[in-house]
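Next come the chains, spelled out residue by residue.
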Amino acid sequence: MINIGVLISGRGSNLQAIIDAAEAGEIPAEVAVVISNKPDAYGLERAKKHNITTAVFEPKKFVDKSAYESELVKVLKQHNVELVCLAGYMKIVGEVLLKDYQGKMINIHPSLLPKFPGLHAQKQALDAGAKVSGVTVHFVDEGCDTGPIILQKQVPVLDGDTEETLSARILEQEHKAYPEAIKLFVEGEIKTRKGKGGL
Ligand code: GRF
């Protein structure tokens, strides 16, 4: 059983999937703290409904990114967090968080990386005419959606898909993929080779 810290910026549906999986005993983990960089993130309400401690740190209130991230690390350590899950956290992770949590910090992205990193991944897939897209859970490194891949799930892109319909189909798989990846992490099933992911 390990303590997870979840970083969010908004809706928090992946956070909800993680909380639900933990409460159902599907993953050997507990969400110990949820941290948002936005005070109005709906995910904070979700956490509160489950009596999970929440914290809000707004980057603009700190002198620089390192000072901001130092606060995050402090709170994560206070809660004995051993795995940090980024779930719709809309900031690039900097060196302070990486120093303590590289290899213990994972992210979910709505495409089959390395295709379509960054913002609007579903729209990128549609614009490229992709027939298949999906979801990736990966370790976080200093890049944007570039770290070693833990697992992926494919989703078909259908004729007539819009950004909304494709996003919804991918999101359904995200909610399965994230708990699965956490389970693999906790059970020690992930091995990386030459900096790349894989089982
Ligand atoms: C998800 O599509 C996730 O893959 C991406 O941001 C979105 C967050 O959604 N990184 P939610 O806040 O978990 O509902």
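Residues numbered from 1 in each chain as written. Predicted model: local features only at pLDDT ≥ 70, side-chain atom pairs only at ≥ 80, totals over all residues. Heavy atoms only, no water.

This is how it is decided: UniProt positions are given in the numbering used here, feature names are shortened, and annotations may be inferred rather than shown by experiment.
Looking up the protein in an unreviewed UniProt entry gives the name Phosphoribosylglycinamide formyltransferase, with the organism given as candidate division WOR-1 bacterium RIFOXYC2_FULL_41_25. As recorded by UniProt, the Pathway (unreviewed entry) comment attached to the protein reads in full: "Purine metabolism; IMP biosynthesis via de novo pathway; N(2)-formyl-N(1)-(5-phospho-D-ribosyl)glycinamide from N(1)-(5-phospho-D-ribosyl)glycinamide (10-formyl THF route): step 1/1."

**A closer look at the UniProt feature "active site" (unreviewed entry) in the protein**
Spelled out, the test is: In DSSP terms, a helix is any run of H or I states spanning at least four residues, a strand is any run of E spanning at least two, and both are numbered starting from the N terminus. The contact criterion used is simple: two residues touch if any of their non-hydrogen atoms lie within 4.5 Å.
Here, UniProt's "active site" (unreviewed entry) annotation points to His109. Examined against the element boundaries, histidine 109 turns out to sit in strand 5 (residues 105-109). Residue contacts for histidine 109: discarding those within four places in its chain leaves Phe116, Pro117, Gly118, Ala121, Gly134, Val135, Thr136, His138 and Asp145.

**Concerning the packing of helix 1 (residues 13-23) against helix 6 (residues 163-186)**
Keep this limit in mind: Only the stretch in contact is used when a helix axis is fitted, and all axes are lines through C-alpha atoms; the angle between N-to-C directions ranges over 0 to 180 degrees. Our angle categories are set so that under 35 degrees counts as roughly parallel, over 145 as roughly antiparallel, 65 to 115 as roughly perpendicular, and the remainder as oblique. With the far helix as reference, a near helix turned anticlockwise by less than a right angle produces a left-handed crossing, and one turned clockwise produces a right-handed crossing. Throughout this entry, Asp, Glu, Lys and Arg are counted as charged residues, while Ala, Val, Leu, Ile, Met, Phe, Trp, Tyr, Cys and Pro are counted as nonpolar. The remaining residues, Gly among them, count as polar.
Running from N to C, helix 1 and helix 6 point in directions that differ by 50°, and their axes come no closer than 9 Å. The orientation of helix 1 with respect to helix 6, classified from their angle, is oblique. As for the relative orientation of helix 1 and helix 6, their crossing is right-handed in sense. Two secondary-structure elements touch here, helix 1 through Ser13, Asn14, Ala17, Ile18 and Ala21 and helix 6 through Leu171, Glu174, His175, Tyr178, Pro179 and Ile182. When grouped by side-chain class, the residues that make up the contact of helix 1 with helix 6 number seven nonpolar, three polar and one charged.

**So, the UniProt feature "binding site: N(1)-(5-phospho-beta-D-ribosyl)glycinamide" (unreviewed entry) in the protein**
Operational definition: Whether a set of points on the 1 Å grid over the protein atoms alone is a cavity depends on a 1.4 Å probe fitting there but being unable to get out, while an open set qualifies as a pocket with protein on both sides within 12 Å along at least five of seven lines; lining residues are those with an atom within 4 Å of a point.
UniProt marks Gly12, Ser13 and Asn14 with the feature "binding site: N(1)-(5-phospho-beta-D-ribosyl)glycinamide" (unreviewed entry), using the numbering shown here. Among the annotated residues just listed, those lining the largest pocket are Gly12, Ser13 and Asn14. Tracing the backbone through its elements, the reader meets glycine 12 in the loop between strand 1 (2-8) and helix 1. If we skip the residues at most four places from it in the chain, glycine 12 touches Gly43 and Arg46. Looking at the secondary structure, you find asparagine 14 in helix 1. Residue contacts for asparagine 14: discarding those within four places in its chain leaves Ala87, Ile108, Leu171, Glu174, His175 and Tyr178.

**Topic: the side chain of aspartate 141**
Counted only if it meets this: Per-residue accessibility, obtained with a 1.4 Å probe over protein chains only, is compared with the maximum for each type, and a residue is labelled buried under 20%, exposed over 50%, and partly exposed between these values. N or O atoms within 3.5 Å of each other form a polar contact, as long as, within protein, one can give a hydrogen and the other can take it, and as long as residues adjacent in sequence are counted only when both atoms are side-chain atoms.
Along the chain, aspartate 141 falls in the loop between strand 6 (132-139) and strand 7 (149-156). With a relative accessible area of 15%, aspartate 141 lands in the buried category. Within the local environment of aspartate 141, its side chain forms a polar contact with the side chain of threonine 146, the two groups lying 2.6 Å apart. Ignoring sequence-local partners within four residues, the contact set of aspartate 141 consists of Leu98, Gln102, Thr146 and Gly147.

**Regarding the pairing of strand 3 (residues 53-56)**
Note the threshold: A pair of strands is considered paired only if DSSP assigns at least 2 bridges between the two. Look down the strands so they point away from you; if going from the first strand over the helix to the second traces a clockwise path, that crossover is right-handed.
Direction of pairing for strand 2 (residues 29-36) relative to strand 3: parallel, over a ladder of four bridges. Bridged to isoleucine 35 within strand 3 is alanine 55. Taking the sense of rotation as the criterion, the β-α-β connection linking strand 2, helix 2 (residues 42-49) and strand 3 turns out right-handed.

**What about the pattern of salt bridges?**
This is how the line gets drawn: Take a side-chain nitrogen of Lys or Arg and a carboxyl oxygen of Asp or Glu: if they are within 4 Å of each other, that pair is a salt bridge.
In this structure the tally under the stated criterion is eight salt bridges. Of the charged contacts, one joins lysine 60 and glutamate 58 as a salt bridge, the two residues approaching to 3.6 Å between their closest N and O atoms. On the accessibility criterion, lysine 60 (69% relative accessible area) is exposed. With a relative accessible area of 18%, glutamate 58 lands in the buried category. Beyond isolated ion pairs, a larger network of salt bridges with shared partners links Glu58, Lys60 and Lys61.

**Points about the site of the ligand**
Quick note on the threshold: Any residue with a heavy atom positioned within 4 Å of a molecule or strand is treated as near that molecule or strand. To measure how exposed things are, a 1.4 Å probe is used in the Shrake-Rupley method; for residues, cover is taken only from the protein chains shown.
Close to the ligand lie Arg11, Gly12, Ser13, Asn14, Gly88, Ile108, His109, Pro110 and Glu174. Between the ligand and glycine 12, the relevant distance is 2.8 Å, taken from an oxygen atom to a main-chain nitrogen or oxygen of the residue. Within the complex, 85% of the 370 Å² of free accessible area of the ligand lies under protein. Within the residue set of the shell around the ligand, elements represented by two or more residues are helix 1 and strand 5. Looking at side-chain class alone, the shell around the ligand contains two nonpolar, five polar and two charged residues.

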